[in-house]
Each structure stands twice: as structure tokens, then as C-alpha cells.
Amino acid sequence: MKKLFFIIFIFLFILALTFIVLFKMLPLQNNTNETIPELYSYNTLFFNSFESKDFEKMNNIYYKKIVSYDEYQIYKNKYDLPIEEEQIFNENFVVITTVENSSMMNLVPKEIRKEENKLKIAFFKDTNIDSKYNSFLIIISKELETDIIEPYRAITENIPYDETISIENIPEKYTLEEAQNDNCYIVDDKQNVYNEKTLDLFIEDYKTKKSSFIRMVKFYEDKEIIRDIYYNAKEDNFLICEDDTRAFNYFSYNYYKYFKLEEKWLFQNIKYYLLTSPYEEDFQLYTSLLNKQIL
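Here the structure is a predicted model, which means the values were calculated and not measured.

Colleague: Which residues make up the overall build of the protein, and what values go with them?
Modeller: The helix and strand inventory of the protein stands at five helices and 17 strands. Burial statistics for the protein: of 295 residues in total, 43% are counted as buried. Of the contacts formed within the protein by residues at least 6 apart in sequence, a portion of 58% connects residues at least 24 apart.

Here is the structure:
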């Protein structure tokens, strides 16, 4: 009997000791998390108007990098920016962003990362944000500072690249022959069409609710615009990446989500396709039946 009591006593002692150790560790762990500094934060702004000469532009997003308190005062007075303490600029810099296109409203900076020599600011659609807040003041740690800033549109989903290379890994000079061999749907600068059946198959997959992928390439003036479009049958939506890096010096990779594909008719016998969303302007697919207005 004494041996049994002794075993129970040892068991309870170990249990109590374990509880005490865990109890002491948990507050320490929480405090450690609370002291981790945020690398950026943002405030919504409202601009009645702005002067484009004050900003740089990429992907239809205007932005201005400010690294000093004195420079901040100039734009604070001009655009009625929030009052910020001078000490903020000891460890941070500021990026102001704004847009003017209605389709760019409700875009919120929710991901910021440093990638080699670029600071990439990802803007996501957030319909909970009042559309009047078309501008943001982003305070960013100098740990992330780079010479190049790239704001772009993003979505939370990823396009699956199971049968082809990802759009980011396409060669910088992507020739017509390479695009043909990769089974892309192609429209060249003379409105010639290649691999037209790939679009027919994509449309048929959509109609039968089968997940499908198409890469569409538009060649003009020795430049290329590449669009990857993935139809997710399970979610019944379209995920798009548009790569303009070869065509414009102020556009890069941008990502979109659409919810419906509609067939439209131009005149009596010319059919084309639009992707639609209640939150975006219509997204027109390249087709063989339209002329050079579809860029």
C-alpha cells in the first residue's frame, strides 16, 4: 500500500511540476510575440486630386517614396497627409500611393516583401474598404528599403502550372516559334492566329465545368503581352496573370479574379469573349475575329 501511495505521489508531483513550468513559459512566449516589430503599416487617405508629376507610376498605381521628415512636410502640406513624428524616419521610410482609374478602387496594400533589388507591394481587392479611400500612406521599415519599388495587383489564389512552366519563368525574349511549340493561343501584329483550337477547347471546358488552362500571347511591334488564364471548375472562377514586362516599362505581373465568361457578338457574325466580375472592368480575351483594337 505504501508503495502505491509513493507512486501516486511521484506522479502528482511530476504533473504539478510540468504545469508550473508550462504556466511560466506561456506568458513569456506571448510577450515575445508582442515585441516583434511590424515591418510596415498603412493608413487610408483621400485625395480630391493629385499632380502626377509628384509620383512615379507602375501598373496604374502612382507612388512616391519619401525618406526624410523634411521632404514629408512638403507633401503633408500639399496633400493634407497625417501628422507623423520626426522620429519615425529614423528607422522607417514612407511610400504614398494613389490611383485614378475606377477599376483600381478598393485596392489595399496587404503584402510587402523585399525581392533582390525590388520592394514589391501587393495590392488586393477589399470591397470592405470605402472606395473614396483611393490612396494610402505606407510606413515601411528601412530593413526593406530598395532602390526599385514595384506596386502590383494580386490575388490570394495561385494559378497551378502542372503542365507548363510558370509565367515568371518564360524567357525574356519569347519568340513566335517558342509560343507555338508551347501550344499558346497567339495573335500576331498582323492579326494572324496560331493554335486557334486551344481557345475552342478552353471555352468547351468552361461550358462543361471542367478545369482548364490557356496561355494567350499577343505580339505587336516586336513586343509580347502574355496572359495566363485558369478556369477553376471547383470554385467556378477564373484566375488570371497578365505579364506586360516585355511591352511596357511601367507594367509588370498583375493578377485578377473573374467569375463568368460571356460570349458577345460584334455585328452579325463576329463572336468574342469577355470575363466579367462585379468588382472589375470587363476583361476581353484575344480572339481571331477582332482587329487591332484588342490590345
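Additional details are given in the paragraphs that follow.
Colleague: Let's hear about the nonpolar core: which residues, and what values?
Modeller: Among the nonpolar cores identified, the biggest contains 23 residues, and Ile229, Phe238, Leu261, Leu275 and Leu285 are the most heavily contacted of them. Here this core takes four residues from helix 5 (residues 196-207), the largest share from any one element. When near neighbours in sequence (up to four residues on either side) are disregarded, Leu275 contacts Ile229, Phe238, Ile240, Tyr258, Lys260, Leu261, Asp282, Phe283 and Leu285.

Colleague: Describe the packing of aromatic side chains, naming the residues involved and giving the relevant values.
Modeller: If you walk through the whole model with that rule in mind, you get 19 aromatic pairs. For the pair Tyr206 and Phe238, a centre-to-centre distance of 5.2 Å together with 45 degrees between the ring planes defines the contact as tilted. With a gap of 32 residues between them, Tyr206 in helix 5 and Phe238 in strand 13 (residues 237-243) connect regions that are remote in the sequence. One exposure class covers both Tyr206 and Phe238, and it is buried. Ring centres of Tyr256 and Phe283 lie 5.8 Å apart, and the angle between their planes is 50 degrees; this geometry places the pair in the tilted category. Here the residue Tyr256 occupies a position in strand 14 (residues 253-258), and Phe283 occupies one in strand 17 (residues 280-284), the gap between them amounting to 27 residues. Exposure class is identical for Tyr256 and Phe283. Each is buried. Each member of the aromatic cluster is reached from another via a ring pair, and the members are Phe47, Phe50, Phe55, Tyr62 and Tyr79.

Colleague: How would you sum up the sheet that holds strand 16 (residues 270-277)? Please name residues and give values.
Modeller: Read across the sheet, three strands follow the order 15-16-17 without closing on themselves; strand pairing throughout is antiparallel. Of all strands in the sheet, those bounded by a partner on one side alone are strand 15 (260-266) and strand 17. Within the sheet, the average angular offset between the axes of one strand and its neighbour, ignoring direction, is 30 degrees. Of the pairings in the sheet, the one linking strand 16 to strand 17 comprises three bridges and is antiparallel in character. If you follow Ser277 over to strand 17, its bridge partner there is Glu280. Along the sheet, helix 5 contacts strand 15 and strand 16; its crossing angle with strand 15, the most-contacted strand, is approximately 125 degrees.

Scoring rules and cut-offs
Residues numbered from 1 in each chain as written. Predicted model: local features only at pLDDT ≥ 70, side-chain atom pairs only at ≥ 80, totals over all residues. Heavy atoms only, no water. Helix = DSSP H or I, 4+ residues; strand = E, 2+ residues; numbered from the N terminus. Buried < 20%, exposed > 50% of the residue type's maximum accessible area, 1.4 Å probe, protein only. Contact = heavy atoms within 4.5 Å. Core = buried A, V, L, I, M, F, W, Y, C linked by side-chain atoms within 4.5 Å. Phe/Tyr/Trp six-rings, centres within 6.5 Å; stacked < 30°, edge-to-face > 60°. Pairing = 2+ DSSP bridges. Axes fitted to C-alpha atoms, helices over the stretch in contact; angles between N-to-C directions.

By themselves, these are just geometric observations and shouldn't be taken as functional.
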